[in-house]
Amino acid sequence: MTKRIAALTAIALTYVVSACATPTKTEDVKIYSPAELKQSEYETVGRIWVDSWRTAFWVPTYSSHDDGIAALRDKATSLDANGLTNVDCYGDSGLFGGSQAFTCYGKAIRVR
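Keep in mind it's a predicted model, so treat the numbers as computed, not measured.

The rules we used
- Residues numbered from 1 in each chain as written.
- Predicted model: local features only at pLDDT ≥ 70, side-chain atom pairs only at ≥ 80, totals over all residues.
- Heavy atoms only, no water.
- Helix = DSSP H or I, 4+ residues; strand = E, 2+ residues; numbered from the N terminus.
- Buried < 20%, exposed > 50% of the residue type's maximum accessible area, 1.4 Å probe, protein only.
- Contact = heavy atoms within 4.5 Å.
- Pairing = 2+ DSSP bridges.
- Axes fitted to C-alpha atoms, helices over the stretch in contact; angles between N-to-C directions.
- Polar contact = N/O pair within 3.5 Å; in protein donor to acceptor, adjacent residues only side chain to side chain.
- Salt bridge = Lys/Arg side-chain N within 4 Å of Asp/Glu carboxyl O.

Visitor: For this particular structure, what's the right way to read the overall build of the protein chain?
Guide: On a plain count of helices and strands, the protein chain comes out with 2 helices and 4 strands. Reading the secondary structure of the protein chain in the N-to-C direction produces α-β-β-α-β-β. A burial count over the protein chain gives 24% of its 112 residues as buried. For the protein chain, the proportion of contacts with a sequence separation of at least 24, taken over those separated by at least 6, is 73%.

Structure below.
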């Protein structure tokens, strides 16, 4: 009987703690310059568009710099990060000089 009560208490506490946590919104993800934070002030959550093996074959491109930054913020939100650092976007018109496409990358972080 006490094991059952302990298990129910643990489940209830888990539910309460997860309900209290506020999810990060895309617009709440702040972009920090590399010199703005000390490494001890944040935790690295992931390197966006670099961590996956898929990037050896394909990296997402965007029609504008702003679209690329918005995608980085969306991805950071999905990783439960509240910030981005080392963010950069560069444009390329491709091998045959087509329309310019932007490739963006950055490090998703959780600021303490």
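Structure's up, so let's keep going.
Visitor: Mind showing me how you'd approach the sheet that holds strand E3 (residues 83-92) here?
Guide: Picture the strands of a sheet paired through backbone hydrogen bonds; they go either parallel or antiparallel. The 4 strands lie next to each other as E1-E3-E4-E2, forming an open sheet whose pairing is mixed. With partners counted over all chains shown, the strands left at the sheet margins are strand E1 (30-32) and strand E2 (42-48), one partner each. The sheet shows a mean angle of 35 degrees between the axes of neighbouring strands, taken without regard to direction. In this sheet, strand E4 (residues 101-111) lies alongside E2 in antiparallel orientation, the contact comprising 6 bridges. Along E4, the bridge assignment pairs Glu43 with Arg110. Along the sheet, helix H2 (residues 65-78) makes contact with E1, E2, E3 and E4, crossing E4 at roughly 35 degrees.

Visitor: Honestly, the pairing of E3 in this entry has me stumped. Any pointers?
Guide: On a regular strand, one side chain projects to one face of the sheet and the next to the other, so that they alternate. For E1 and E3, the ladder comprises 3 bridges, and the chain directions are parallel. When the bridges of E3 are listed, Ile31 appears paired with Leu84.

Visitor: Explanation requested: the side chain of Thr85 in the structure shown.
Guide: Within the secondary structure, Thr85 is located in strand E3. For Thr85, a relative accessible area of 5% translates into the label buried. A polar contact of 3.3 Å, which involves the side chain of Thr85, links it to the backbone oxygen of Tyr32. Contact partners of Thr85, with chain neighbours within four places excluded, come to Tyr32, Ser33, Pro34, Gly106, Lys107 and Ile109.

Visitor: Explain the pattern of salt bridges to me, please; I cannot follow it from the model alone.
Guide: Two side chains carrying opposite charge are able to pair once their charged atoms lie near each other. Within this structure, the stated rule accounts for 2 salt bridges. A salt bridge links Glu36 to Lys30; its shortest N-O distance comes to 3.6 Å. The exposure class assigned to Glu36 is partly exposed, which follows from its relative accessible area of 41%. Judged by relative accessible area, Lys30 falls into the partly exposed class, the value being 40%. Measuring nitrogen to oxygen at the nearest pair gives 3.2 Å for the salt bridge that ties Arg110 to Glu43.

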